[in-house]
Amino acid sequence: MFNLFKKKKEVAKKQTFLPLKVREVVKETADTVSIYFEQPEPYLEYKPGQFLTLVMDFEGKEQRRSYSLCTSPYMDPFPGISVKRVPGGLFSNFLNEKIHPGKTINVLKPLGNFTTDFHSKNQKHFFLVAGGSGITPIMGIMKSVLVNEPNSKVTLLYCSRHEDHIIFKKELDELEHKYADHLKVIHNLSQPTEAWTGLKGRLSSETLKGLVNTAESESEFQTEYFICGPEGILETTLEVLSSLQISSEKIHKESFFSAAAEAAHEAAATAGGLTRDVTVLLEGEEHLVTVTPDKTILEAGLDQNLNMPFSCQSGLCTACRGKLISGEVKMDEDSGLSQNEIDAGYVLCCVGRPMTDDVKVRIE
Ligand SMILES: Cc1cc2nc3c(=O)[nH]c(=O)nc-3n(C[C@H](O)[C@H](O)[C@H](O)COP(=O)(O)OP(=O)(O)OC[C@H]3O[C@@H](n4cnc5c(N)ncnc54)[C@H](O)[C@@H]3O)c2cc1C
Ligand code: FES
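Residues numbered from 1 in each chain as written. Chains lettered and ligands numbered in written order. Predicted model: local features only at pLDDT ≥ 70, side-chain atom pairs only at ≥ 80, totals over all residues. Heavy atoms only, no water.

- The protein appears in an unreviewed UniProt entry as Ring-1,2-phenylacetyl-CoA epoxidase subunit PaaE from Algoriphagus halophilus.
- The record held by UniProt for the protein lists under Cofactor (unreviewed entry) the comment "FAD". (UniProt positions renumbered as here; feature names shortened; annotations may be inferred.)

Structure, rendered in structure tokens:
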């Protein structure tokens, strides 16, 4: 009986993985590759700006990392991701060095809320701000606007370090040429060569304010903002938009790596917090999970071999969402949940820590 149950669970787990075969690997810059996949059968359905979570084994341990789709389902025949190396990083270095056409990678279905709906009658102005590898979801969104909304306009502010670090430079030039009346690309380089005549230096609030004011005054349409990049660019942009009293409903943001969440993680580990037992209700069964101060509920559950669902591990996608039945849970990051969900008692286990001894979470 036990074995039968176990087998059922294993089958269910396997079904959630989608094997994608690598079709092409393109070296974008010295430290970034784009990986394009063959279309699976049936075709991969995704919204521009969503991400795939790659699942791979390293030294016998399953690991997952999320990568935004840089392609548009409306324009690109094959789905693709772009991966920038992180010093010492497990996945990013492996994908930059070892991936080749023909290899198969397991992924989880596309997820994420950093997206929008497109309509051929829309008349909008999209102000997109990207930094480094943050261009990936922005690229998918931008291409989808250009191909679907002939009356909308796009301004892209893209921050890179150096001329040689601009990801998709050729494609961006081609798109700007093809959609000359609809797309304006502004590059900002923090460490350019002397020959660079465009914006340079660290993106300042004043520069950004000037660009937003100009874009808003020149555009006859409502502006929507999409921001994806390192913490610094994200914070500066959000501060500027807030100072200009841009409604938060018009602002969409995505962060690949939250230094704040990482700091909260470290602080929790060193603050002498308490180890607490948490009851996790999963597929109708109760499991007692011991959560030490340096772990989230998801991390502790996975350590105890619980088959808990998860994807981004960053509080963005809600794949690990649970309903709090009792107790109190503190989240390092909650941007994946709506206020209604938070009010209804939902928590994200990948960033959730028990604050009381009676925490019971039902995974939904
Ligand atoms: C929703 C989502 C979408 C993403 N999309 C992309 C994408 O399109 N392209 C892309 O290149 N990356 C993307 N990322 C980041 C990616 O998931 C990995 O975090 C990144 O590739 C590092 O993984 P790693 O295994 O190489 O490093 P790890 O082995 O996990 O970490 C090594 C070290 O680097 C630090 N670190 C981890 N991630 C980052 C980071 N992003 N920046 C700076 N330091 C970091 C860690 O704290 C650690 O010290 C995305 C992340 C999320 C959550
Ligand atoms: S795994 Fe994505 S929000 Fe927790």
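We are not done yet, so read on.
## A few points about the domain arrangement of the protein
Part 1 of the argument: According to the domain assignment, the protein contains domain 1 (15-111), domain 2 (124-254) and domain 3 (261-363).
Part 2 of the argument: Of note, the centres of domain 1 and domain 3, computed from C-alpha atoms alone, are 27 Å apart.
Part 3 of the argument: In this complex, domain 1 contributes six residues to the contact, which on the side of domain 3 involves six residues.
Part 4 of the argument: Summed over both sides, the interface of domain 1 with domain 3 buries roughly 530 Å², with 54% coming from carbon and sulfur. (Domains from an automatic or database assignment. Contact = heavy atoms within 4.5 Å. Buried area = accessible area lost by both parts, 1.4 Å probe.)

## A look at the site of ligand 1
Part 1 of the argument: Close to ligand 1 lie 20 residues, the nearest being R65, S66, Y67, S92 and T136.
Part 2 of the argument: Backbone polar atom of S82 to a nitrogen atom of ligand 1: 2.9 Å apart, as the coordinates give it.
Part 3 of the argument: In this structure, L90 approaches ligand 1 through a main-chain N or O atom, which is 3.0 Å from an oxygen atom.
Part 4 of the argument: Within the complex, the protein chains bury 78% of what would otherwise be the 900 Å² of accessible surface of ligand 1.
Part 5 of the argument: Where the shell around ligand 1 is concerned, the elements lending two or more residues are β4 (61-68), β5 (80-84) and α2 (90-98).
Part 6 of the argument: A total of four residues in the shell around ligand 1 trace back to one element, the largest contributor, which is β4.
Part 7 of the argument: Of the residues contributing to the shell around ligand 1, the split by class is nine nonpolar, eight polar and three charged.
Part 8 of the argument: Of the residues that make up the shell around ligand 1, three or more belong to each of domain 1 (15-111) and domain 3 (261-363). (Near = heavy atom within 4 Å. Polar contact = N/O pair within 3.5 Å; in protein donor to acceptor, adjacent residues only side chain to side chain. Areas by Shrake-Rupley, 256 points an atom, 1.4 Å probe, with all protein chains shown as cover. Helix = DSSP H or I, 4+ residues; strand = E, 2+ residues; numbered from the N terminus. Nonpolar A, V, L, I, M, F, W, Y, C, P; charged D, E, K, R; others polar.)

## As for the packing of helix α5 (residues 205-218) against helix α6 (residues 231-243)
Part 1 of the argument: It is the contact of α5 with α6, at a shortest axis distance of 10 Å, that shows an interaxial angle of 55 degrees. As summarised for this structure, α5 and α6 are arranged oblique, according to the angle between their axes. The element α5 and its partner α6 pack so that their crossing is right-handed. From α5, S205, L208, K209 and V212 reach across to α6, where they touch T236, T237, V240, L241 and S243. (Axes fitted to C-alpha atoms, helices over the stretch in contact; angles between N-to-C directions. Parallel < 35°, antiparallel > 145°, perpendicular 65-115°, else oblique. Left-handed = near helix turned anticlockwise from the far one by under 90°.)

## So, the pattern of salt bridges
Part 1 of the argument: As enumerated under the stated definition, the model contains 14 salt bridges in all.
Part 2 of the argument: Linking K124 and E224 is a salt bridge whose minimum nitrogen-to-oxygen distance equals 2.7 Å. With a gap of 100 residues between them, K124 in strand β7 (residues 124-131) and E224 in strand β11 (residues 222-228) connect regions that are remote in the sequence. Here K124 matches E224 in class, with each residue buried.
Part 3 of the argument: Where D303 meets K295, a salt bridge forms, and the shortest distance between an N and an O atom there is 3.1 Å.
Part 4 of the argument: The partly exposed category is assigned to D303, whose relative accessible area is 46%. (Salt bridge = Lys/Arg side-chain N within 4 Å of Asp/Glu carboxyl O. Buried < 20%, exposed > 50% of the residue type's maximum accessible area, 1.4 Å probe, protein only.)

## A word on the sheet that holds β5
Strand-to-strand pairing in sheets goes through backbone hydrogen bonds, with the strands running parallel or antiparallel.
Part 1 of the argument: What the six strands build is an open sheet, ordered β4-β3-β6-β1-β2-β5; its pairing is antiparallel. With one partner strand each, in any of the chains shown, β4 and β5 form the two edges of the open sheet. Ignoring which end each strand starts from, the neighbouring axes of this sheet average 40 degrees apart. (Pairing = 2+ DSSP bridges.)

## Structural notes on the side chain of S144
Part 1 of the argument: Here S144 lies in helix α3 (residues 135-148).
Part 2 of the argument: Not counting residues within four places of it along the chain, the set of residues in contact with S144 comprises P48, S72, P73, Y74, F118 and E149.

## So, the packing of aromatic side chains
Part 1 of the argument: Evaluation of the coordinates by the stated rule reveals six aromatic pairs.
Part 2 of the argument: Summarising the aromatic geometry, the rings of F58 and F91 are spaced 5.1 Å apart at their centres and angled 55 degrees between planes, so their arrangement reads as tilted. Taken as a pair, F58 in strand β3 (residues 51-58) and F91 in helix α2 lie far apart in primary sequence, 33 residues in all.
Part 3 of the argument: A relative accessible area of 16% means that F58 is categorised as buried.
Part 4 of the argument: The class for F91 is buried, based on a relative accessible area of 1%.
Part 5 of the argument: The structure contains a cluster of three or more aromatic residues connected by ring pairs, namely F58, F91 and F94.
Part 6 of the argument: Positioned above the aromatic ring of F78, the side-chain terminus of R23 is 3.8 Å from the ring centre.
Part 7 of the argument: The ring of Y346 carries the charged tip of K323 above its face, separated from the ring centre by 5.5 Å. (Phe/Tyr/Trp six-rings, centres within 6.5 Å; stacked < 30°, edge-to-face > 60°. Lys NZ or Arg CZ within 6 Å of the ring centre and 35° of its normal.)

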